[in-house]
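What follows is each chain in one-letter form.
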Amino acid sequence: MSPAQNSDTPAMQEREARITAALPAGVPAPGFRGARWVGDFHVLVLDEVDGRPPELPWRPDDLGLVVTALERLVRTATPCPVPDLPTAAESLVGQLPGSALELLEGDTLVHLDLRADNVLITAGGAVLVDWPHACVGPPWLDLLALLFEVDRLGEEDLAERVLTTSVLTRDVAPEVLTTVLDGFSEFFLGRAAQPAPPGLPTLRPFQRVQGEALVRWVQRRTARAVVTRPAQRG
């Protein structure tokens, strides 16, 4: 990465190098080999991963491998083994409403940027790549964030089925997940309204599409909650 491409990316890659170097064995991530500046470029070297991105639209088999990897991450990295990371709330302050931020307490290592292009499917399971945004938060946050894309680009109700069956989310109160989803819809739509960063012309359109999809998901969950809520007796 070079500042000539984007002024922010070298610092992000330096942060990723520090985080990746501190990941313990068992975390489903590429192994760290080294990092250094070479002229105007910051170079990060990781183990090669013999894998492929998940197929889109999301398929249940690929998604199952990623869910298994996230469950392994939670077992291996709770409490968080990487020092000096911000909390999820600190990372997202000013970007999510307070009602969502207050629900992000936890002591698990969180990737915080999971989607298909940050995952590789291998013969041994899923590997999570690109860690510059890692933080500390609740064990269910990465799975919920991954499902943003699954709900938008997967089978009907695939994301909801995962939420109700995964050990990471099935015992989390539905209103907690809906509040956080709603907070992230505001995050994506707010980002989409900003000017495009240098060298990333497709970022703002992606954020708009994802934000609008999250609004629709929140609306469906809210309507379902109203339908299933027990009637109050007078």
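Before going into details, it helps to say that this report is about the structure given with it. The model shown is predicted, which means the values in this text are computed figures rather than measured ones. (Residues numbered from 1 in each chain as written. Predicted model: local features only at pLDDT ≥ 70, side-chain atom pairs only at ≥ 80, totals over all residues. Heavy atoms only, no water.)

Side note on empty space enclosed by the protein
Applying the stated rule across the entire model yields one cavity of 30 Å³ or more. In this structure, the largest cavity spans a volume of roughly 40 Å³. Every residue along the wall of the largest cavity is listed here: L70, L73, V74, T108, L109, V110, P138, P139, D142 and L168. Broken down by secondary-structure element, the contributors of at least two residues to the lining of the largest cavity are α2 (60-76) and β3 (108-110). Classifying every residue of the lining of the largest cavity by side-chain character gives eight nonpolar, one polar and one charged. (1 Å grid on protein atoms, 1.4 Å probe; cavity = no way out; pocket = protein on both sides within 12 Å on 5 of 7 lines; lining within 4 Å. Points joined across faces, edges and corners; volume = space filled by probe spheres on them. Helix = DSSP H or I, 4+ residues; strand = E, 2+ residues; numbered from the N terminus. Nonpolar A, V, L, I, M, F, W, Y, C, P; charged D, E, K, R; others polar.)

So, the packing of aromatic side chains
A full pass over the atoms with the stated rule returns five aromatic pairs. Aromatic side chains F187 and F188 sit 5.1 Å apart centroid to centroid with 70° between the ring planes, which places their arrangement in the edge-to-face category. In this structure, F187 and F188 share a single accessibility class: buried. Plain terms: the ring middles of F188 and F206 are 6.2 Å apart, the flat faces sit at 85° to each other, and that makes the pair edge-to-face. Residue F188 is found in helix α7 (residues 174-192), and its partner F206 is found in helix α8 (residues 203-228); the two are separated by 18 residues along the sequence. (Phe/Tyr/Trp six-rings, centres within 6.5 Å; stacked < 30°, edge-to-face > 60°. Buried < 20%, exposed > 50% of the residue type's maximum accessible area, 1.4 Å probe, protein only.)

Brief notes about the pairing of strand β4 (residues 119-122)
The side-chain alternation of β4 yields two buried faces, one formed by V119 and I121 and the other by L120 and T122. Taking the residues that link successive antiparallel strands as the turn, the β4-strand β5 (residues 125-128) hairpin has two residues. (Pairing = 2+ DSSP bridges.)

What to know about the environment of A134
Position of A134 among the secondary structure elements: in the loop between β5 and β6 (135-137). On the basis of relative accessibility, which here comes to 0%, the residue A134 falls in the buried class. For A134 and I19, which are 115 residues apart along the polypeptide, the C-alpha to C-alpha distance reads 7.5 Å. Those residues in contact with A134 that sit more than four places away from it in its chain are R15, I19, L85, P86, L109, V110 and H111. (Contact = heavy atoms within 4.5 Å.)

These figures capture arrangement, not role.
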